[in-house]
Structure formats: structure tokens, C-alpha cells
Amino acid sequence: MATTRTTERVDVVLVGGGIMSATLGALLNELMPDLSIRVFERLEGIAVESSEVMNNAGTGHAANCELNYTPQKADGTIDIAKALAINESFEVSLQLWSHLVETGGLPEPRSFLNPVPHLSFVWGDANVGFLRARHALLSAHPMFADMRITEDAGRMVDWMPLVMQDRKPGPPLACTRVDRGTDIDFGVLARLLFAGLQARGNLTLKMRHHVKALHRDPEGGWRVIAKDRETGDIQEVRAGFVFLGAGGGALPLLLKSRIPESRGYAGFPVSGQWLVCQNPEIIARHQAKVYGKASVGAPPMSVPHLDTRIWNGKRSLLFGPYAGFTTKYLKQGSYWDLPKSLRISNIGPMLAVARDNWNLTRYLIGQVVQSPEERLGALQEYMPSARKDDWRLEVAGQRVQVIKRDPERGGKLGFGTEVVTAADGSLAALLGASPGASTAADTMIDLIRKCFPERAETEAFKSTLRKMIPSHGHVLAREPAVLGAVRARTNHVLGLVE
Ligand SMILES: Cc1cc2nc3c(=O)[nH]c(=O)nc-3n(C[C@H](O)[C@H](O)[C@H](O)COP(=O)(O)OP(=O)(O)OC[C@H]3O[C@@H](n4cnc5c(N)ncnc54)[C@H](O)[C@@H]3O)c2cc1C
């Protein structure tokens, strides 16, 4: 079939229709409404990869319950710096959503965000000691002042009845609780953000368009080549700025851009599965996100949790994630994704990571060969009364952990979210996983300030940013009065539990 080639010019191209592109689009539209934006999404639907509700855990990561954000150092002390930073970033997301709800850019918040308490639950002397010490440090800080702890089984029955039902007497238990936790449907949120942007007319969305290549434009910016997967037609768009928000597809495109900053980057895909509860009576008896401690060797995002989810106004309950390995970078990707991303510049870092991460390899092999009974056993550690017939196994989204060069070890594996930008600010790519969607607003504001430095210095930009994100320019972790004012607003607009 003959293919037609068309060429157009826009200011900004966003590759990928997930929560990251949606958040960046929303921010650009508020801060620089004169920019024309084109989005290319390779699939039929918006946000149906990692951002889709059941492909992620939907936890509004604020470091309330995720024990991996407060690591214990070799000397036994607990480092809370990461927890403070993540909590601060999440407050930026809450402020952006509040602003959009107030100004009509988003509808009423219950469609995408619901209050769900965040709990951490551990057993055994060492873990109980860790949770006590973590609680003492965090609750002494204004950001986590309302975190409660209990070692009383009766109190735990009130907080998480399913976790306590049929639990045999055994090692000591401890649990912390933050009521101001959230469950977020990032899929719905992305669709609402895109719908608002399309209605305002500054953004055009090209569905079923797969971005195949991108080349430097001799006249400045980039030439982005996208293929219509239905007709085979090729569309070339010239853009001053390109964002690779393609989830697992961002790394291959970053490598194709050949910017010097991309050298040495590689990806390590980790797939996931959930057990999803099918019994409405059980679902109704749990109202919390209960996070535990990760097993030895497990990547930080594989912390087990028994998790209330709310989508389309309906409650559900899932447990996991169980990790796995595949060579695909996207759930609807190709087994050739990993082999095709190999370059001379990234083979060294990949081999170094393979050499240094035997615990992770062992953990993943253990997860892949797990039997249904072993999976049920893992669930029963959190819910002793669980029965196999009430749960169904479902495939979660795909994560691609960042591998990059390291001067000492040759290569290292990162578990966070990382933005790679071209030196001239004309291209940025978002790689990695956690805390991901929850901190998208903060990450995208940094990206905009880096890639549009002149616009970011204008008074119009600064005052709009302050209006949207009143905490901008402040450090919430050190300014309790500002923290209080910011939370009073977001609690009111988003209906969060104080
Ligand atoms: C198991 C799991 C649990 C998670 N739990 C949480 C959590 O509790 N809280 C949290 O905040 N985050 C969580 N995350 C992370 C979160 O899901 C991601 O950070 C977020 O969804 C990433 O959004 P994105 O827009 O970058 O990617 P995606 O939602 O994957 O969107 C990328 C889009 O790009 C498209 N695309 C790819 N390649 C191309 C191409 N070449 N051309 C055109 N389009 C392309 C894809 O089709 C896709 O629609 C979890 C992730 C997983 C996998």
C-alpha cells in the first residue's frame, strides 16, 4: 500500500498518551498558553499502558506507608530524607489538581482521587523496632505529625480487620497509620486532563500513531516521524521541543535521538502481577492500603501490599505485586524491545549491573517460578483467611528500571524516576518507575524550567506558577506555616481526610 507523507510544524510534541504527557501538557497550557501541542499515542486508547488503573497500584506516594523510602543505614539509623522529599513532591501534585479543579480544568475530584488510609504493617522483633524508630522520627516532623503507631492487636483489628482475622499468635506485630492517604486512578486523571486540553483547543491528539524516529532539524528543534498504524501513512512534525513520555517506549526513542546525554543508558524490564479479589463481601471489609517490608533482593517497588482501589466509584481489592521478567518494555510491546535497545555504549553498564545484582536476579527467578500455592502463601502472610477461589491473577503494568553508567562500578541500576534532557533543552525523556505518577507535577515543573529557561524567567510565568502551586519557591519540609496553609487548601478542594 502506498503511504502518504505529510509535514506540519508545532511548538511541542509529546510522545505517549499517559499521565506524564498529560501532566506536562496541562502545565504547559497554563504557563505558556500560546504553545501549540501535538500528542502521538501508538494505541487506540489514552493511558492504557502503565497509567491504566489496574496496571499500577494507584497509591498517591507520599511516603506515608512505603518503608523503602526510609531506608535503614548500616549503622542502624534511619534516613528520612527521601520520605520528606517525596511527601513534598506529592504536595505539588495535590496543589496542581486543586488548581485545575478550582479553575474548571478538572471535574470534581472523586472521579480520579479518593481518600484511603495508608498503613505500614510488620512483624518480628527487628521489623517492629524499625517501625517504632521510623515512627518516632517521622511523627516528630510536621509533615508526618499525624502518623499513629500501635502494637496492640485489638487496635489493629479496628484498623485492618482482614489482616488480623485468623492470625495465629506469633511474633510481635506493629502498624502505623496515616489517615490523609489517597488512592488515585491515574488512567482517568490522564484522560480528564487530555479532554480538558483538547476542549481548550491548544492540543491535538493523534491516536494509533507510533513514533518511529526523530532527527535533529537543521532549522532548529526536531523532526518527529510517526506512522499511522491503521493506514500506514507517515506524518512528519517539526517541533521546537519534544517530550518522550512514552513510558517503557521512552528509552528506545531516547537512544534513537542520539543526543550525547543518552549514551550509556539502558533498561531493565520488570513485569508485575496482582491477585485481584473477586468476592464483594471481602472487598467491603478492607478500607486501607497496607504496605509491608520487601523480601531480601526484591526491588523497592515490589513491596507487598494489600490495597483498596477505587475505580468508577467501585471498590476493589488487590494484593501484590508479584514480579516477573520479560524482554518487553511495554505491556503491549514486543519481545524485541530489550535486544533492540542494545548499543555499544550501554552493554558495559548492563553487564556491570548483572554482575552486581545477584540478589535481584535470584529474587526474580524465585518470583517467575512461583506456583499458585506459593502466591497464595504470600497473600496469607497479610491475610491469613485468604482462599484461592476468591482471587484471580492479573497482569500489571510494565516497569523499565534505569541502568546507567557509573564511574566506579561501570554501571548501576536505578529504581527512581529520571529525566534526561538535551543540553539545548530541545528534548527531554522520562525514564524509570517509582514514585512515578504521584510526583509527575513536580518532575514536569523542573523539566519546563530547564527546557524553557527564558520563558521561566518572565513575570507572567512566575506569577501563574505561584498561583497554581503556592508552595513553589518554599521548602515545605522546613516551613510548617506554609505546609499548613497548602494542606488546608488541598484538603478542602480535594476532600482529603485530615
Ligand atoms: C506494577 C506497577 C505499580 C505502580 N504503582 C504506582 C503507584 O502506586 N503510584 C504511582 O504513583 N505510580 C505507580 N506506578 C508507576 C506509574 O504507573 C508510572 O509512573 C506512570 O504510569 C508512568 O506514566 P507514563 O505516562 O510515563 O507512561 P504510560 O502510562 O506507560 O504511557 C506511555 C504511553 O506511551 C505510548 N507509547 C510508547 N511508545 C510510543 C511510541 N513510540 N509512539 C507513540 N506512543 C508511544 C504507550 O502506548 C503509552 O500509552 C506503578 C507502575 C507499575 C508498573
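This text goes with the structure placed above it.
Attention in this report is confined to the structure presented alongside it. (Residues numbered from 1 in each chain as written. Predicted model: local features only at pLDDT ≥ 70, side-chain atom pairs only at ≥ 80, totals over all residues. Heavy atoms only, no water.)

1. What to know about the overall build of the protein chain
Summing up its helical and strand segments, the protein chain has 16 helices and 20 strands in all. Computed over the C-alpha atoms, the radius of gyration of the protein chain is 23 Å, within 12% of the 23 Å expected from 2.2 N^0.38 for a compact globule of 498 residues. When the backbone C-alpha atoms are referred to their principal axes, the protein chain occupies close to 70 × 50 × 45 Å. Expressed as a percentage of its 498 residues, the buried residues of the protein chain come to 57%. Contacts in the protein chain between residues far apart in sequence, at least 24 positions, make up 73% of those at least 6 positions apart. Carbon and sulfur atoms provide 54% of the accessible area of the protein chain, an area that totals close to 20,700 Å². Computed over 58 positive and 52 negative side-chain charges, the inter-centroid distance for the protein chain is 4 Å. (Helix = DSSP H or I, 4+ residues; strand = E, 2+ residues; numbered from the N terminus. Rg over C-alpha atoms; globule rule 2.2 N^0.38 Å. Buried < 20%, exposed > 50% of the residue type's maximum accessible area, 1.4 Å probe, protein only. Contact = heavy atoms within 4.5 Å. Areas by Shrake-Rupley, 256 points an atom, 1.4 Å probe, with all protein chains shown as cover. Lys, Arg positive; Asp, Glu negative; His and termini not counted. Charge placed at Lys NZ, Arg CZ, Asp CG, Glu CD.)

2. Let's talk about unusual backbone geometry
A cis geometry characterises the amide bond from Gly320 onward to Pro321, with omega recorded as 0°. Residue placement: Pro321 occurs in strand S15 (residues 314-324). The phi dihedral of Ala47 falls on the positive side, at around 55°, and the residue is not glycine. Tracing the backbone shows Ala47 in the loop between strand S2 (37-40) and helix H2 (81-103). For Ala47, a relative accessible area of 3% translates into the label buried.

3. A short note on the nonpolar core
Counting 59 residues, the largest nonpolar core has Trp97 and Phe243 as the members making the most contacts within it. Residue contributions to this core peak at eight residues, all from helix H1 (residues 19-31). Excluding its chain neighbours within four sequence positions, the residues that come into contact with Trp97 are Phe90, Leu106, Phe112, Leu113, Ile184, Phe186, Leu189 and Leu494. Listed in part, the 42 residues of the second largest apolar core include Val211, Ala226, Leu360 and Val420. (Core = buried A, V, L, I, M, F, W, Y, C linked by side-chain atoms within 4.5 Å.)

4. Considering the site of the ligand
Glu41, Ser51, Thr59, Val211 and Ser438 are the nearest of the 39 residues found near the ligand. Ser51 places a polar side-chain atom, nitrogen or oxygen, 2.5 Å from an oxygen atom of the ligand. Here an oxygen atom of the ligand sits 3.1 Å away from a polar atom, N or O, in the main chain of Ala437. Elements represented by at least two residues in the shell around the ligand include exactly H1 and strand S9 (209-216). If you tally residues by element for the shell around the ligand, the top one is S9, at three residues. Here the shell around the ligand is built from residues that sort into 16 nonpolar, 19 polar and four charged. (Near = heavy atom within 4 Å. Polar contact = N/O pair within 3.5 Å; in protein donor to acceptor, adjacent residues only side chain to side chain. Nonpolar A, V, L, I, M, F, W, Y, C, P; charged D, E, K, R; others polar.)

5. Topic: empty space enclosed by the protein
Unfilled space is identified by rolling a water-sized probe across the atoms. In this structure the tally under the stated criterion is three cavities of 30 Å³ or more. Space inside the largest cavity adds up to approximately 90 Å³. In this structure, the largest cavity is lined by Ala62, Asn64, Asn87, Phe90, Glu91, Met143, Phe144, Asp146, Val178, Arg180 and Arg487. Looking at the lining of the largest cavity, the element that brings in the most residues is H2, giving three residues. A breakdown of the residues in the lining of the largest cavity according to their chemical character gives five nonpolar, two polar and four charged. If you add up the space inside the second largest cavity, you get close to 60 Å³. In this structure, the second largest cavity is lined by Ala26, Asn29, Glu30, Leu100, Gly105, Leu193, Gly196, Leu197 and Arg200. Ranked by residue count, the leading element in the lining of the second largest cavity is helix H6 (residues 186-200), at four residues. Here the lining of the second largest cavity is built from residues that sort into four nonpolar, three polar and two charged. (1 Å grid on protein atoms, 1.4 Å probe; cavity = no way out; pocket = protein on both sides within 12 Å on 5 of 7 lines; lining within 4 Å. Points joined across faces, edges and corners; volume = space filled by probe spheres on them.)

6. As for the pairing of strand S11 (residues 234-244)
Within S11, nine of the eleven residues are buried, leaving the element largely enclosed by the surrounding structure. Judged from the six bridges that link them, strand S10 (residues 222-228) and S11 form a sheet pairing that is antiparallel. When the bridges of S11 are listed, Arg223 appears paired with Arg238. With antiparallel pairing between neighbouring strands as the criterion, S10 and S11 make up a hairpin whose turn holds five residues, including Gly232 at a positive phi of roughly 85°. By the bridge criterion, three bridges tie S11 to strand S20 (residues 427-432) in an arrangement that is parallel. When the sheet's bridge partners are listed, Val242 is paired in S20 with Leu427. (Pairing = 2+ DSSP bridges.)

7. Side note on the layout of surface pockets
Empty space within the second largest pocket amounts to approximately 360 Å³. Where the lining of the second largest pocket is concerned, the elements lending two or more residues are strand S4 (118-123), S15, helix H11 (358-368) and helix H12 (372-382). Counted by class, the lining of the second largest pocket contains eleven nonpolar, seven polar and two charged residues.

8. Looking at the environment of Leu483
Within the secondary structure, Leu483 is located in helix H16 (residues 480-494). The class of Leu483 is buried, set by a relative accessible area of 5%. Remark: the alpha-carbon pair of Leu483 and Gly60, spanning 423 residues in sequence, is separated by 18 Å. Here Leu483 is in contact with Pro142, Met143 and Leu476, once residues within four sequence places are set aside.

9. Description of the environment of Leu203
Positionally, Leu203 belongs in strand S8 (residues 203-206). Taking relative accessible area as the criterion, Leu203 reaches 5% and is therefore assigned buried. Between the C-alpha atoms of Leu203 and Trp97, which are 106 residues apart in sequence, the distance is 19 Å. The contacts of Leu203, once residues within four sequence positions are left out, are Ile37, Val39, Phe194, Leu197 and Gln198.

10. As for the side chain of Asn87
The topology assignment puts Asn87 in helix H2. For Asn87, a relative accessible area of 2% gives the class buried. Engagement of the side chain of Asn87 in a polar contact is seen with the backbone oxygen of Ala62, the distance being 2.9 Å.

11. A word on the pairing of strand S18 (residues 410-414)
The two faces of a sheet get side chains in turn, since along a regular strand they alternate between them. As paired strands, strand S17 (residues 399-406) and S18 are joined by five bridges and run antiparallel to one another. Within S18, the residue paired with Val402 across the bridge is Gly414. Between S17 and S18, which pair antiparallel in sequence order, lie three residues.

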